[in-house]
Amino acid sequence: MTAVAASLNDADADLIATAAEAPIALRTPSVGRPLLYGALVLCALLTLLPFFWVVSGSLRGLDEFRSDPGAWLPRHVTLDNFGRLFRTEGFGRFLTNSVLVALMVVIGNIVAASAAGYALAKLEFAGKRLAFGAVMAAMMVPFTTVFVTQFVITVDMGLADTLTGIALPGVALPLSVFIMRQYAQSVPDELLEAARIDGAGEFRIFFRVFLPLAGPAVATITIMSFLNSWNNFIWPLIVAQSTASYTLPVGLAATSQAAQHVTDYGLVLAGAIVVMLPVLVLFLFLQRYFVQGIAGSGMR
Amino acid sequence: MTTTLVPGARRRARNSRRTAVAWLFLAPFAVVFLLYTAVPTVAALGFSLTDLRGSDLRHPLAVDFTGLDNYLRLFQDPTFLRDILNTGVFVAVGVPSTMVIGFALAVALNSGIRRLRGVFRTVFFAPVVTNVVAVALIWQYAFNAGGTVNKALGYIGLAGPNWLDDPHLAMPVVILLGVWRNFGTAMVLFLAGLQAVPEDVYEAAALDGAGRWRQLRHITLPLLLPTTLMVSVLLTVFYLQVFDEPYLLTDGGPLGSTESVSLYTYHQFGSGQLGMSSAASFVMLLLVLLVSVVQFRLLRPRT
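Topic: a nonpolar patch on the surface
Consideration 1: Side chains of Leu100(A), Leu103(A), Met104(A), Ile107(A) and Val111(A) sit close together on the surface and give an oily, nonpolar patch of about 430 Å² of accessible area.
Consideration 2: Within the secondary structure, Leu103(A) sits in helix 6 (residues 91–122).

What follows is the structure in structure tokens.
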């Protein structure tokens, strides 16, 4: 196969390979292809421009920002901004808070969504339609509508300005339940029936038969809920009232407001990188699950 | 909740024990749903019919019931009307641009290119997972008076403005951030839709001599109609609630030119006007429900 491919020129080999995979290649005249690639590369570069700005900006020294704030490239590459960032008071605290909140949210979602999704897909019970209706309704109620009363409830429970108060509303996301239910429906009933005939109880079936099969759905839920928690801004902004409970995004926004008077963009952009990096690295390795999660939000 | 279930449980479920077990499975989600969705929604409706202030929360029973007063005041408040208009602009510009870009990229990635396809998909989806606070800071840095964008404009002899301080230019920059963050979502949903179109339909059309444009117009677009409707409703609901972008870039300014309805709710909340804030938030709920109902009406006959 490789020998045959090598004997052909590149364009032909590409055409054959594509045609073998999808007949759509028939519709694409070869003249259009370089144009298509050109357009895609241009779009990709435009999409990546903000990432370029943040990396380039974070590597410039304070003096360079003063003399030429908008320069595209650093004259002298320096990691000084990152050093100053980690010496900034509270930054380590914000990072720890974000990790702790994300941990609560992810564990909560795995527990709550796998159980609820399994019940909605595989168990017959009174109130099933009502419960599924609640999941759909929860996805539709806008955050704008509930955040004020959610805040009042959080205060009433004595959870204002605590990490638990920040994490709690996110520990059972309806999207996670929905994704798990869709997945559970694809698990064959025969498997569960066989266990039932063997006399296993529902909890045993759930833990021993269903959960070991649910790996991909658990992965998707883990990613989605982590993303949700890590990137969440408005809710932590409302609940966190002292810097001790700031998460990374809230701390970063506060740092930037403080830094604006001295236009310390280097520090702020270094902070932006620290906030963005964990998710981007995860995304590069696990993008399949990110995409599944987003497609799941389409409620198909 | 359980009291309403008991009679139904006796009739429908094979046995009530099974129902009890199922609700045990549902309990963690149900508790969070009640506490953070059901109760807050009902409470928001209640708050919106009173003149509740932040300082009243310690003795809420003493608060006056004012009926629909807050709603009447809302629709006479020039600030709220302006914010509805602003939100309309977000939706009217944001939704079509996000969809057109997402659709074009999905078609391009699905049209027989093989090399770098995964790389392109990764790149176009990356903004979706990127932290909005971080990106907003980059945006501020780039669109500042002496920022990177103006520096680039300077190369071609143009003097750039201070984008985010100009009431006419701030909105386009804020929308640009919204579109940049969302077109990847539209692209992924369209790609999923495109991949569900059976390939022999295209083969047959190609044999009948239909060119690429005719295939796009007469096969792809009609077959993708359900996906298109879904993406459009999803984005409409999203842009209706737009908060992060205008809050972080301009806090609704300059001169309120980028203040959305969500931001109005937040600002009323911040100034202790919980009654007014809740009324505005309920207008948002009605708008989102309206859009969702229209979605189900349009999609049902087809799916």
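Regarding the packing of aromatic side chains
Residue and element names in this part refer to chain A.
Consideration 1: Here the structure, examined in full by the defined rule, presents 39 aromatic pairs over all chains.
Consideration 2: Both rings, one in Tyr118 and one in Phe210, keep their centres 5.0 Å apart while their planes meet at 40°; by these two values the pair is tilted. On the criterion of sequence distance, the pair formed by Tyr118 in helix 6 and Phe210 in helix 12 (residues 202–213) is long-range, its members being 92 residues apart. The pair formed by Tyr118 and Phe210 is uniform in burial state, with each residue classed as buried.

Describing the packing of helix 6 (residues 132–143) of chain B against helix 8 (residues 170–195) of chain B
All names here are of chain B.
Consideration 1: Put simply, helix 6 and helix 8 touch, their axes get as near as 11 Å, and they point 135° apart. Compared by their axis directions, helix 6 and helix 8 come out oblique. Relative to helix 8, helix 6 is oriented so that their crossing is right-handed. Residues Val132, Val135, Ala136, Trp139 and Phe143 of helix 6 touch helix 8, and the partners they reach there are Val173, Leu176, Leu177, Trp180 and Arg181.
Consideration 2: Tallied by class, the residues present in the contact of helix 6 with helix 8 amount to nine nonpolar, no polar and one charged.

Overview of the pattern of salt bridges
Consideration 1: Following the criterion strictly, the structure yields 11 salt bridges over all chains and no others.
Consideration 2: Note that Lys151(B) and Asp68(A) form a salt bridge whose closest N and O atoms lie 2.9 Å from each other. With Lys151(B) in helix 7 (residues 148–155) and Asp68(A) in the loop between helix 4 (62–67) and helix 5 (80–87), the pair connects residues from two separate chains.
Consideration 3: On the basis of relative accessibility, which here comes to 26%, the residue Lys151(B) falls in the partly exposed class.
Consideration 4: A salt bridge links Glu245(B) to Arg181(B), with the nearest nitrogen and oxygen atoms 2.9 Å apart. Of this pair, Glu245(B) sits in helix 12 (residues 244–249) while Arg181(B) sits in helix 8, and the two are 64 residues apart along the sequence.
Consideration 5: It is possible to trace a salt-bridge network through shared partners that takes in Asp80(A), Arg84(A) and Asp264(A).

What to know about the interface of chain A and chain B
Consideration 1: Across the contact, 104 residues belong to chain A and 100 residues belong to chain B.
Consideration 2: Surface buried jointly by chain A and chain B totals about 9100 Å² across both partners, of which 75% is contributed by carbon and sulfur atoms.
Consideration 3: At the junction of chain A and chain B, the tally comes to one salt bridge.
Consideration 4: Within the side of chain A that touches chain B, the residues separate by chemical class into 77 nonpolar, 17 polar and 10 charged.

A short note on the packing of helix 2 (residues 16–48) of chain B against helix 14 (residues 274–299) of chain B
Residue and element names in this part refer to chain B.
Consideration 1: Across the interface, helix 2 lies against helix 14 with an axial gap of 7 Å and an inter-helix angle of 125°. With respect to helix 14, the axis of helix 2 lies oblique. Crossing geometry of helix 2 relative to helix 14 is assigned as left-handed. For the pair helix 2 and helix 14, the contacting residues are Thr41, Ala44, Leu45, Phe47 and Ser48 in the first and Gly275, Ser278, Ala279, Ser281, Phe282 and Leu285 in the second.
Consideration 2: A class-by-class count of the residues in the contact of helix 2 with helix 14 yields six nonpolar, five polar and no charged.

Things to note about the side chain of Arg181(A)
Residues and elements named next belong to chain A.
Consideration 1: Relative to the elements of secondary structure, Arg181 occurs in helix 10 (residues 174–185).
Consideration 2: For the buried Arg181, no salt bridge is present, and the opposite-charge side chain at shortest range is Glu124, 9.9 Å distant.
Consideration 3: In this view, Arg181 contacts Gly117, Leu120, Ala121 and Phe132; residues no more than four positions away in its chain are not counted.

Comments concerning the confidence of the model for chain A
Residue and element names in this part refer to chain A.
Consideration 1: Residues at a pLDDT of 70 or more form 86% of chain A, whose mean pLDDT is 84.
Consideration 2: In the model of chain A, helix 1 (residues 2–7) stands out as the element of lowest mean pLDDT, 35, in contrast to helix 9 (residues 163–167), which has the highest, 96.
Consideration 3: Note on residues 1–29: pLDDT under 50 across the span, and 30 contacts to partners over four residues away in sequence or across chains.

Here's the deal with the nonpolar core
Consideration 1: Core analysis: the largest hydrophobic core is formed by 137 residues, its most contacted members being Leu40(A), Phe124(B) and Phe125(B).
Consideration 2: Sequence-distant contacts of Phe125(B), defined by excluding residues within four places in its chain, comprise Phe283(A), Phe290(A), Val291(A), Ile294(A), Gly184(B), Thr185(B), Met187(B) and Val188(B).
Consideration 3: Counting residues in each nonpolar core, the second largest holds 43 residues, with Ala131(A), Leu175(A), Val187(A) and Val32(B) among its members.

Re the confidence of the model for chain B
Consideration 1: The predicted model of chain B has a mean per-residue pLDDT of 87, with 92% of residues at 70 or higher.
Consideration 2: For chain B, per-element mean pLDDT is lowest for helix 1 (residues 2–12) of chain B, which scores 51, and highest for helix 4 (residues 78–110) of chain B, which scores 95.

Remarks on the side chain of Glu259(B)
Consideration 1: Mapped onto the elements, Glu259(B) comes out in the loop between helix 12 and helix 13 (261–270).
Consideration 2: Those residues in contact with Glu259(B) that sit more than four places away from it in its chain are Thr79(B), Arg82(B), Asp83(B), Asn86(B), Gly252(B), Tyr264(B) and His267(B).

Brief notes about helix 10 of chain A
Residue and element names in this part refer to chain A.
Consideration 1: Here helix 10 is 12 residues long and its end C-alpha atoms lie 17 Å apart, about the 16 Å a rise of 1.5 Å per residue gives.
Consideration 2: Of all 12 residues making up helix 10, nine are buried, and the element is well covered by its neighbours.
Consideration 3: Within helix 10, burial applies to Pro174, Leu175, Ser176, Val177, Phe178, Ile179, Met180, Arg181 and Ala184.

Things to note about unusual backbone geometry
Consideration 1: In this model, Gly253(B) is joined to Pro254(B) through a cis peptide bond whose omega is -15°.
Consideration 2: In this structure, Asp161(A) is a non-glycine residue whose phi angle is positive, near 65°.
Consideration 3: Relative to the helices and strands, Asp161(A) resides in the loop between helix 8 (143–156) and helix 9.
Consideration 4: Even without glycine at this site, Leu255(B) takes up a positive phi of about 55°.
Consideration 5: By the secondary structure assignment, Leu255(B) is in the loop between helix 12 and helix 13.
Consideration 6: A relative accessible area of 73% places Leu255(B) in the exposed class.

Calculation criteria
The written sequence of each chain sets the order in which its residues are numbered from 1. Chains and ligands are labelled by the order in which they are written, letters from A for the one and numbers from 1 for the other. For a predicted model such as this one, the threshold for reporting local features is a pLDDT of at least 70, and the threshold for listing and counting side-chain atom pairs is 80 or more; totals across whole chains, interfaces and linings nevertheless cover every residue. The basis for the side-chain values is all heavy atoms of the structure; hydrogens and waters are excluded. Like-charged residues within 9 Å of one another, or nonpolar side chains (Val, Leu, Ile, Met, Phe, Trp, Tyr) within 5 Å, are grouped into patches, provided each residue has over 30% relative accessible area and no salt bridge. Surface accessibility follows the Shrake-Rupley procedure with a 1.4 Å probe radius. Residue values consider only the protein chains on display as shielding. Salt bridges are identified by distance alone: a Lys or Arg side-chain nitrogen within 4 Å of an Asp or Glu carboxyl oxygen. Under the scheme used here, helices are H or I runs from DSSP no shorter than 4 residues and strands are E runs no shorter than 2 residues, and both carry numbers assigned from the N terminus. Geometry of aromatic contacts follows a simple scheme: Phe, Tyr and Trp rings, the Trp one being its six-membered ring, pair when their centres are within 6.5 Å, and the pair is stacked under 30 degrees between planes, edge-to-face over 60, tilted otherwise. Type-normalised accessible area, obtained with a 1.4 Å probe on protein chains alone, sets the label of each residue: buried when under 20%, exposed when over 50%, and partly exposed for intermediate values. Helix axes use the C-alpha atoms of the stretch in contact, all axes being lines fitted to C-alpha atoms, and the angles between their N-to-C directions lie in the range 0 to 180 degrees. Just so you know how the angles are binned, under 35 degrees is roughly parallel, over 145 roughly antiparallel, 65 to 115 roughly perpendicular, and the rest oblique. Take the far helix as your reference; a near helix turned counterclockwise from it by less than a right angle gives a left-handed crossing, and one turned clockwise gives a right-handed crossing. Note on definitions: a residue-residue contact is assigned when non-hydrogen atoms from the two residues lie within 4.5 Å. All amino acids are sorted into three groups, where Ala, Val, Leu, Ile, Met, Phe, Trp, Tyr, Cys and Pro are nonpolar, Asp, Glu, Lys and Arg are charged, and the leftover types, Gly among them, are polar. A quick way to say it: buried area is the sum, across both parts, of accessible area lost when two parts are put together, with a 1.4 Å probe. This count recognises Lys and Arg as positive and Asp and Glu as negative, with His and chain-terminal groups excluded. Confidence of the predictor at the level of single residues is given by pLDDT, which spans 0 to 100. Put simply, buried Ala, Val, Leu, Ile, Met, Phe, Trp, Tyr and Cys residues joined by side-chain atoms within 4.5 Å make one nonpolar core. Helices are assigned an expected span. That span is 1.5 Å times one less than the residue count.

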